[in-house]
Amino acid sequence: MTLGRILIVRLTALGDVLLATPLARALRRAQPAAEIDWLVAPPFTPLLEANPNLSRVFPAERGVAARLRARRYDLVLDLQNKPRTALLRASLGAARVVSLRKRTFSGAIASLLGRERPATEPHAVELYLSLAARLGVASAGTRLDLVIPERARLEAAPLLSRRGAASLWGLAPSTRWATKRWPIERFLELGQAAEERGAKLLLLGGAADGPTLDALSARLGSALLGDTRALGTGGLAAAIEACDLVVANDSGPAHIAAALGRKLVVLFGPTAPSRWAPIGSDVELLYRGLPCSPCSNHGSARCPLGTHACLAEIPASEVLAAASRRWAS
Ligand code: SF4
């Protein structure tokens, strides 16, 4: 099978975009001469634009369908498989379309009845690679690819300029869903312990994480350099690259840190690590594995049991010990 043009469609979310990069590498190895493009939501283009396995990255914005149609793709891979991407892929006139199968038949029935259990396997990277397998393309490994564009480093440089020679700890205390957040008081304890050890601190998150970042910023001392909310995803990645150690919830910054080979401690509670664990060379995962976990695929606004024990039971001392182990490794 020789393919001239391939389009990968994975619009969101930050972690998923990175977890799909091994698929692009597998395709590149199998089809070295092909043009391999990716359609992605505009905020995430900096994560892909320097990826050596891709030919072009198209931001999903007004008018993009016509530009994609003109490319006359031999193959479109829809990794999102939502109504929006189904409509788009149908309009492209590609010779072949392969879509992600998110559920088995019984899973689809359970979902319709509202009784679907959260997915625990396969890991998301393997799920995306399963599309390659359906095409007869072998995996080229599960390592994530993330190359930071130079302009993103320039974007992050002012924030990092006060760092000096101290070690830099990145704390990612927020996520979209409340149940995935380790309590902010614990992040505060951890940050204060890092300060006592002479480290500088950087809070990692985006504009939507403002309330959590503000609450923590107000109570940390002069060791805090600031936070990344004003940066794009490329600038966020450049800031994470500068960190010696990252402590994060199950979130986009955790996946960036893992992809960049940073020392990472990541906390899991309501979601399944077997599905979503960051893929990296220096990752320590803290997870209680309570009988009620996982209780959701991506987290939720409230703990169904009202306890949030999966994360509330993890003390700051345990995370500090894990961070110290990573530091010494
Ligand atoms: S304590 Fe259990 S039910 Fe509550 S959010 Fe955590 S995993 Fe879900």
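As the structure is a computational prediction, the values presented were derived from the model and not from experiment.

**Some points on the sheet that holds strand S6 (residues 168-172)**
By definition, the strands of a sheet pair up through backbone hydrogen bonds, in either a parallel or an antiparallel sense. With respect to topology, six strands assemble into an open sheet ordered S8-S7-S6-S9-S10-S11, the strand pairing being parallel. The sheet is open, and its two borders are formed by strand S8 (224-227) and strand S11 (283-287), each paired with just one other strand. Sheet twist, expressed as the mean angle between neighbouring strand axes with direction ignored, is 15°. Here strand S7 (residues 200-203) runs beside S8; their pairing, made up of three bridges, is parallel. When the sheet's bridge partners are listed, Leu201 is paired in S8 with Leu224.

**What about the nonpolar core?**
Leu23, Tyr128 and Ile240 are the most contacted members of the largest nonpolar core, which has 88 residues in total. If you tally residues by element for this core, the top one is helix H6 (residues 124-134), at seven residues. There are two domains that each give this core at least three residues, and those are domain 1 (5-134) and domain 2 (151-328). Every residue in contact with Tyr128, bar those within four places of it in the chain, is listed here: Leu19, Ala20, Leu23 and Leu79.

**A look at the domain arrangement of the protein chain**
As far as domains go, the protein chain holds domain 1 (5-134) and domain 2 (151-328). Relative placement of domain 1 and domain 2: their C-alpha centres are 27 Å apart. Contacts between the two partners involve 16 residues from domain 1 and, on the opposite side, 18 residues from domain 2. When contributions to the side of domain 1 that touches domain 2 are tallied by element, the ones reaching two or more residues are helix H1 (14-19) and H6. Ranked by residues supplied to the side of domain 1 that touches domain 2, first place goes to H1 with four residues. Looking at the side of domain 1 that touches domain 2 residue by residue, the classes come out as twelve nonpolar, three polar and one charged.

**Some words on the pairing of strand S10 (residues 263-268)**
Looking down a regular strand, the side chains alternate between one sheet face and the other. Where burial is concerned, most of S10 is hidden: six out of the six residues are buried. Neither face of S10 is open: one carries Lys263, Val265 and Leu267, the other Leu264, Val266 and Phe268, and all of them are buried. In this structure, strand S9 (residues 245-249) lies alongside S10, joined through five bridges in parallel fashion. Bridging from a neighbouring strand, Ala248 pairs with Val266 of S10. Crossover connection from S9 via helix H11 (residues 252-259) to parallel S10: handedness right-handed.

Criteria and cut-off values
- Residues numbered from 1 in each chain as written.
- Predicted model: local features only at pLDDT ≥ 70, side-chain atom pairs only at ≥ 80, totals over all residues.
- Pairing = 2+ DSSP bridges.
- Helix = DSSP H or I, 4+ residues; strand = E, 2+ residues; numbered from the N terminus.
- Axes fitted to C-alpha atoms, helices over the stretch in contact; angles between N-to-C directions.
- Core = buried A, V, L, I, M, F, W, Y, C linked by C-beta atoms within 7 Å.
- Buried ≥ 20, exposed ≤ 12 C-beta atoms within 10 Å, placed from the backbone.
- Domains from an automatic or database assignment.
- Contact = placed C-beta atoms within 7 Å.
- Nonpolar A, V, L, I, M, F, W, Y, C, P; charged D, E, K, R; others polar.
- Right-handed = clockwise from strand over helix to strand, strands pointing away.

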